[in-house]
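The primary structure of each chain is shown beneath.
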Amino acid sequence: MSMNRRQFIGLGAATVSAAAVAPGIKLIKLVQAKKPEDAVTNAQRWGLLIDTAKCQSGCSVCVDACFEENGIPKPRKEHLSTDAQWIRKLQVKDNATGYVHNLPMLCQHCEKPPCVDVCPTGASFRREDGIVLVDKHICIGCRYCMMACPYKARSFVHEPVKDQSVNEPRGKGTVESCTLCNHRIDANNFSTACADACLKEGHQAILFGDLKDKNSEIYKRLRKEPSRQIRSELNLNTGVRYQNI
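Residues numbered from 1 in each chain as written. Predicted model: local features only at pLDDT ≥ 70, side-chain atom pairs only at ≥ 80, totals over all residues. Heavy atoms only, no water.

1. Focus on the pattern of salt bridges
To be explicit about the condition: Salt bridges are defined as contacts in which a side-chain nitrogen from Lys or Arg sits within 4 Å of a carboxyl oxygen from Asp or Glu. Runs of E in the DSSP output that reach at least two residues are strands. Runs of H or I that reach at least four are helices, and both are numbered from the N terminus.
For the coordinates displayed, the defined rule picks out 9 salt bridges. As a salt-bridge pair, Glu69 and Arg184 come within 3.0 Å of each other at their nearest N and O atoms. In this pair, Glu69 sits in helix H3 (residues 61-70) while Arg184 sits in helix H6 (residues 182-186), placing the two residues 115 residues apart along the sequence. Ionic pairing is found between Arg127 and Asp186, a salt bridge with its closest N-O pair at 3.1 Å. With Arg127 in the loop between strand E4 (124-126) and strand E5 (132-134) and Asp186 in helix H6, the pair connects residues that are 59 residues apart, well separated along the chain. Because the salt bridges share partners, they merge into one network encompassing Glu69, Arg184 and Asp196.

2. A closer look at H3
The test is simple: Exposure is judged per residue with a 1.4 Å probe applied to protein chains only, and the accessible area is read against the type maximum: over 50% gives exposed, under 20% gives buried, and values in between give partly exposed. In what follows, a contact means two residues having at least one pair of non-hydrogen atoms within 4.5 Å.
Counting buried positions along H3 gives 7 out of 10 residues, so the element sits mostly inside the fold. Turning to H3, its buried residues are Cys62, Val63, Ala65, Cys66, Phe67, Glu69 and Asn70. The secondary structure elements touched by the buried residues of H3 are strand E2 (87-93), strand E3 (100-106), H6, helix H7 (193-201) and strand E8 (206-210). Count one or two residues on from H3 and you reach Gly71, which has phi positive near 70°.

3. Here we look at the sheet that holds strand E1 (residues 46-51)
Sheet strands line up and pair through hydrogen bonds in the backbone, either parallel or antiparallel. This is how it is decided: In this analysis, strands are considered paired if DSSP registers two or more bridges between them. Every axis in this analysis is a line fitted to C-alpha atoms, fitted for helices over the stretch in contact. Angles between the N-to-C directions lie between 0 and 180 degrees.
Strand order in this open sheet of 3 strands is E8-E1-E9, and the pairing throughout is mixed. The open sheet has two edge strands, E8 and strand E9 (240-243), and neither has a second partner. Adjacent strand axes in the sheet meet at a mean angle of 20°, parallel and antiparallel pairs treated alike. In this structure, E1 lies alongside E9, joined through 4 bridges in parallel fashion. Looking across to E9, one finds that Ile50 is bridged to Tyr242. Of the strands in this sheet, E1, E8 and E9 are in contact with helix H8 (residues 217-224), which crosses E8 at around 110°.

4. Considering the packing of H3 against H7
Put simply, the rule is: By the definition adopted for this analysis, an angle is roughly parallel if under 35 degrees, roughly antiparallel if over 145, roughly perpendicular if from 65 to 115, and oblique otherwise. Handedness of a helix crossing follows the sense of rotation of the near helix relative to the far helix, less than a right angle counterclockwise being left-handed and clockwise being right-handed. Each residue gets one label: Ala, Val, Leu, Ile, Met, Phe, Trp, Tyr, Cys and Pro are nonpolar, Asp, Glu, Lys and Arg are charged, and the others, such as Gly, are polar.
Contact geometry for H3 and H7: axes closest at 8 Å, N-to-C directions at 135°. When the axes of H3 and H7 are compared, the pair comes out oblique. Note on packing geometry: the crossing formed by H3 with H7 is right-handed. Along the contact surface, H3 presents Val61, Cys62, Ala65, Cys66 and Glu69, while H7 presents Ala193, Cys194, Ala197, Cys198 and Glu201. Split by residue class, the contact of H3 with H7 holds 8 nonpolar, no polar and 2 charged.

5. Section: the packing of aromatic side chains
Put simply, the rule reads: Two rings from Phe, Tyr or Trp (for Trp, the six-membered ring) form a pair when their centres are within 6.5 Å of each other. A pair whose planes differ by under 30 degrees is stacked, one over 60 is edge-to-face, and the rest are tilted.
For the structure on display, the rule yields 2 aromatic pairs. When the ring of Trp46 is compared with that of Phe190, the centres are 5.2 Å apart and the planes differ by 15°; the resulting orientation is stacked. With a gap of 144 residues between them, Trp46 in strand E1 and Phe190 in the loop between H6 and H7 connect regions that are remote in the sequence. Accessibility expressed as a relative area gives 8% for Trp46, which makes it buried. Look at Phe190 and you get partly exposed, because its relative accessible area is 46%.

6. Observations concerning the pairing of E2
In this sheet, E3 lies alongside E2 in antiparallel orientation, the contact comprising 7 bridges. Within E3, the residue paired with Gln91 across the bridge is Asn102. A loop of 6 residues connects E2 with E3, the two strands running antiparallel in sequence, and Gly98 in this loop sits at a positive phi of about 85°.

7. A word on the environment of His109
Its location among the elements puts His109 in the loop between E3 and helix H4 (114-118). Taking C-alpha positions, His109 is 8.7 Å from Trp46, a pair spaced 63 residues apart along the chain. Beyond its immediate stretch of four places on either side in the chain, His109 contacts Arg45, Gly130, Ile131, Val132, Cys178, Thr179, Leu180, Asn237, Thr238 and Gly239.

This is the structure in structure tokens:
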């Protein structure tokens with residue numbers, strides 16, 4: 001990328017305070033902006049299709065991969081209610097039949113996200129490509145978004161953060177959740193850590209892709225096979241869909 005000295009100094013001055021807020025972020029990552037032709041647009045909408053029939057009981061490879069990718073410590077048993085959980089495994093029982101479904105629960109990346117509606121600072125926002133994120137630099141930790149989320153998909157960082165990953169800046173006193181590995185997408189690596197780990201394990205329960213791309217596997221499967229949204233009655237048009245539940 002071409003950038004002269006004046007542009008670099010100007011950008012550095014504008015972002016130095018933000019870098020101080022999140023020590024895990026590298027200045028070079030801020031400088032390496034996407035080219036105009038690669039800018040995020042609504043031409044794509046990224047999402048996941050999760051087949052609960054293929055999701056194995058006791059398997060946590062998707063959770064482990066997410067934590068490793070984003071530098072999140074594994075939750076401690078004594079702090080399960082307070083430690084970060086961007087993705088968690090649930091068991092859902094059908095009371096009528098007794099059948100138990102295993103499924104990963106994470107941010108559903110809604111088209112109409114309640115977390116964005118209630119955020120007083122604009123820290124919670126939805127990108128044009130459908131990914132819902134939190135700007136840690138302006139998040140004040142009020143946790144309104146956590147209360148508004150019907151999926152309990154957001155976590156509050158209670159303690160100082162150590163050994164951060166350059167993939168995701170984190171900081172005490174802020175809220176965070178699944179990002180659909182947006183750092184990968186912005187680098188034109190169209191996959192998520194959870195989907196890759198599930199595929200490597202041989203389960204193939206998680207499929208990532210562009211919901212608008214008629215040539216993508218996720219688009220074709222959603223139109224040929226039945227799926228559902230969790231809490232569909234809320235009309236949020238989620239970017240994460242589930243099969244066999």
